[in-house]
Amino acid sequence: MQAFVYNALPARVVFGHGTLAALPAEAERLGLENILVLSTPEQEGQAASVADRLGGRAAAVFAGAAMHTPVEVTDEAMAMVADNAVDGTVAIGGGSTIGLGKAIALRTELPQIAVPTTYAGSEMTPIIGQTAQGEKTTQRSLRVLPETVIYDVELTLSLPVALSSTSGINAMAHAVEALYAEDRNPIVALMAEEGIRSLATALPRIKADAADTEARADALYSAWLCGTCLGSVGMALHHKLCHTLGGSFDLPHAQTHTIVLPHAVAYNANAAAEAMTAIARALGAGSAAQGLYDLAQALEAPLALKDLGMPEDGIDRAAELAVQNLYWNPRKLEHKAIRELIAQAWAGARPAS
Ligand code: NAD
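Since we're looking at a predicted model, the values are computed, not measured.

Q: Hey, could you go over the nonpolar core for me, with residue numbers and the actual values?
A: Formed by 71 residues in total, the largest nonpolar core has its most connected members in Ile104 and Ile196. Viewed by domain, this core spans two of them, domain 1 (12–156) and domain 2 (161–347), each represented by three or more residues. Not counting residues up to four positions away in its chain, the partners in contact with Ile104 are Leu36, Leu38, Thr74, Ala77, Met78, Val81, Thr89, Glu109 and Leu110. Within the second largest apolar cluster, 24 residues are counted, among which are Ala264, Ala318, Ile338 and Ala345.

Q: Describe helix α2 (residues 44–54), naming the residues involved and giving the relevant values.
A: For α2, the complete set of buried residues consists of Ala47, Val50, Ala51 and Leu54. The buried residues of α2 occupy an angular sector of 100° when projected down its axis, which confines them to one face. Exposed positions of α2 whose direction lies more than 90 degrees from the buried face are Gly45 and Asp52. The first or second residue beyond α2 is Gly55, which carries a positive phi of 55°.

Q: Tell me about unusual backbone geometry, and please be specific about residues and values.
A: For residues that are not glycine, phi is negative in most cases, and the peptide bond is trans in most cases. The residue His68 is not glycine, and still its phi comes out positive at about 70°. For His68, the position within the fold is in the loop between β3 (58–62) and α3 (71–83). For Ala85, which is not a glycine, the phi torsion comes out positive at approximately 50°. Among the structural elements, Ala85 can be located in the loop between α3 and β4 (88–93). With a relative accessible area of 52%, Ala85 lands in the exposed category.

The rules behind the values
Residues numbered from 1 in each chain as written. Predicted model: local features only at pLDDT ≥ 70, side-chain atom pairs only at ≥ 80, totals over all residues. Heavy atoms only, no water. Core = buried A, V, L, I, M, F, W, Y, C linked by side-chain atoms within 4.5 Å. Buried < 20%, exposed > 50% of the residue type's maximum accessible area, 1.4 Å probe, protein only. Domains from an automatic or database assignment. Contact = heavy atoms within 4.5 Å. Helix = DSSP H or I, 4+ residues; strand = E, 2+ residues; numbered from the N terminus. Arc of directions from axis to C-beta.

Below you can see the structure in the form of structure tokens.
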């Protein structure tokens with residue numbers, strides 16, 4: 001076995017069915033008495049019921065979380081933090097809401113309890129992306145890692161099937177890139193392969209029956225594993241491309257990941273043979289890239305960036321941006337091949353073998 005470095009991140013995870021019931025005890029454990037509950041406008045009702053559950057420990061609800069953590073939204077939430085002498089946050093929702101909790105923690109070091117309701121995995125990472133004046137920047141800091149994560153399978157039952165599929169593939173993308181990360185290691189590889197395997201079987205079951213609680217539990221458990229992969233090792237071309245495409249053309253996060261992943265994997269296939277074998281094995285497919293495309297197709301997930309509203313003349317711009325800042329990738333960043341990759345993803349074509 002090759003020598004490796006493994007960085008474990010501190011996290012307390014409460015996982016199961018109905019685990020939201022543990023929220024007051026978890027808040028007490030952290031000594032929180034004046035909590036700001038965070039959500040998107042769409043999940044305000046859930047945030048209100050979380051506040052009810054917290055009783056006297058809830059100071060207020062802020063239901064203004066938005067995709068890509070705009071700093072203006074964080075400023076608004078910060079005013080509530082100050083006005084209510086808030087001593088901690090509870091974020092109930094997907095990556096957007098958890099991102100807001102992280103942005104507050106970055107400025108204040110307030111403790112966070114994250115209650116994820118999608119499979120994006122942000123709750124397990126020390127990564128925060130923020131948008132100011134239309135530009136998204138990402139940084140890593142342990143200050144933003146939530147102290148406690150409550151995974152309650154029941155809260156994911158309302159996640160629409162289409163978003164469950166794309167959010168699940170978004171989670172898979174973390175595990176896929178962890179397998180060929182520059183700082184990959186056998187511990188993360190275990191989590192990555194199991195995460196992909198379990199999601200690949202759970203997502204079709206969720207599509208068949210959104211209320212299948214065992215499939216929902218498998219998906220959420222896998223999302224935790226995949227989020228841990230994202231938090232533990234560096235990502236590569238796929239994440240860079242999705243970041244660029246999402247930021248430049250205002251494309252939805254999970255759907256963009258779903259479309260780009262098979263193409264990014266095809267691009268890297270020859271440069272990361274061991275990872276490809278593990279991904280294909282986990283998918284039960286002959287090829288990693290084809291298996292990912294087949295899965296997205298079987299889930300009736302979007303396959304083409306043009307269907308998300310990306311203009312065709314954006315292909316060149318995205319290719320330029322993707323090679324602008326050098327970052328690690330198993331295969332050298334080749335402008336022409338990356339342009340072709342983006343063009344294939346734009347059209348929704350099957351990835352190159
Ligand atoms: P999201 O949080 O934007 O949620 C999408 C929509 O689904 C929202 O309207 C939300 O309220 C709704 N929703 C969420 N859970 C629901 C449920 N169970 N039932 C019904 N509706 C529900 O989407 P996302 O894909 O989870 O997160 C995307 C954001 O997270 C992006 O900004 C991305 O950059 C960020 N992200 C960050 C990290 C990180 O480590 N920093 C990791 C992954 C994603």
